[in-house]
Amino acid sequence: MHLKSLSIAQVVRFLGVSTLAVAMICMTLPAPEALAAPSETLLAQAYPPPPAYPPADAPPPGYGPPPSMPPPGMNDGAQGAMDGRADAPTQISGTLWFFAGFFLTWIGIILGYVLNPSPDGARLVGKSPAYVSAYTQAYQDAGRAFQGIHAVYGCITSGVIWIVFIILYYVLVVAAVTTAAAA
């Protein structure tokens, strides 16, 4: 008989003490009320209440400080190009282009680098023509790079999975052939 397979009752019987006697001894022990109160206070000290979110002095959403102004000497075109490069990765779905590269392989990569993403027109309302032109050009350049690299990631992942499946297939075929030849 293994020690791990013994139940508590079997251990008690093995030691020569009846289960009823053990239960009576356990019932006569005093409950540790003295430990209950300190543990609650220790718990309260260890975990302070979470801070209120948002802070009480924070403005409502959408009413924060004004957007940052461009540095002195930066024209509208340079600001538009900077904003376009910053907005492209946040507005284009990398997951979509990952799966385009995963399922379409090299065709997905070509499409990622050839198709021009179009920026959101609402961000360009009220801007100068130089800003709109620079923003659109920078957005499309950064967007094509973002789409293409995510398609490359998908294509590489697909290729690695196929290589693993091919290796497993040939390992299993060799194992089956050697087993059949041995029998």
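So, a few notes on the structure that sits alongside this text. (Residues numbered from 1 in each chain as written. Predicted model: local features only at pLDDT ≥ 70, side-chain atom pairs only at ≥ 80, totals over all residues. Heavy atoms only, no water.)

This brings us to the side chain of Gln140. Counting through the fold element by element, Gln140 comes out in helix H7 (residues 129-182). Here Gln140 is in contact with Asn116 and Pro117, once residues within four sequence places are set aside. (Helix = DSSP H or I, 4+ residues; strand = E, 2+ residues; numbered from the N terminus. Contact = heavy atoms within 4.5 Å.)

Before going further, it helps to examine the packing of aromatic side chains. For any pair of aromatic rings, the description consists of the separation of the ring centres together with the inter-plane angle of the planes. Taken as a whole and assessed by the stated rule, the structure comprises eight aromatic pairs. Plain terms: the ring middles of Phe99 and Phe102 are 6.4 Å apart, the flat faces sit at 75 degrees to each other, and that makes the pair edge-to-face. With Phe99 and Phe102 both in helix H5 (residues 94-104) and three residues apart, this pair spans about one turn of that helix. Aromatic side chains Tyr131 and Tyr135 sit 5.9 Å apart centroid to centroid with 20 degrees between the ring planes, which places their arrangement in the stacked category. Residue Tyr131 and its partner Tyr135 are both found in helix H7; the two are separated by four residues, about one turn of the helix. Assigned by exposure class, Tyr131 and Tyr135 land together as buried. (Phe/Tyr/Trp six-rings, centres within 6.5 Å; stacked < 30°, edge-to-face > 60°. Buried < 20%, exposed > 50% of the residue type's maximum accessible area, 1.4 Å probe, protein only.)

With that settled, the discussion passes to the pattern of salt bridges. Taken as a whole and judged by the stated rule, the model has two salt bridges. A salt bridge links Arg123 to Asp87; its shortest N-O distance comes to 2.9 Å. Taken as a pair, Arg123 in the loop between helix H6 (106-114) and H7 and Asp87 in helix H4 (residues 76-91) lie far apart in primary sequence, 36 residues in all. According to the relative accessible area criterion, Asp87 is buried, its value standing at 11%. (Salt bridge = Lys/Arg side-chain N within 4 Å of Asp/Glu carboxyl O.)

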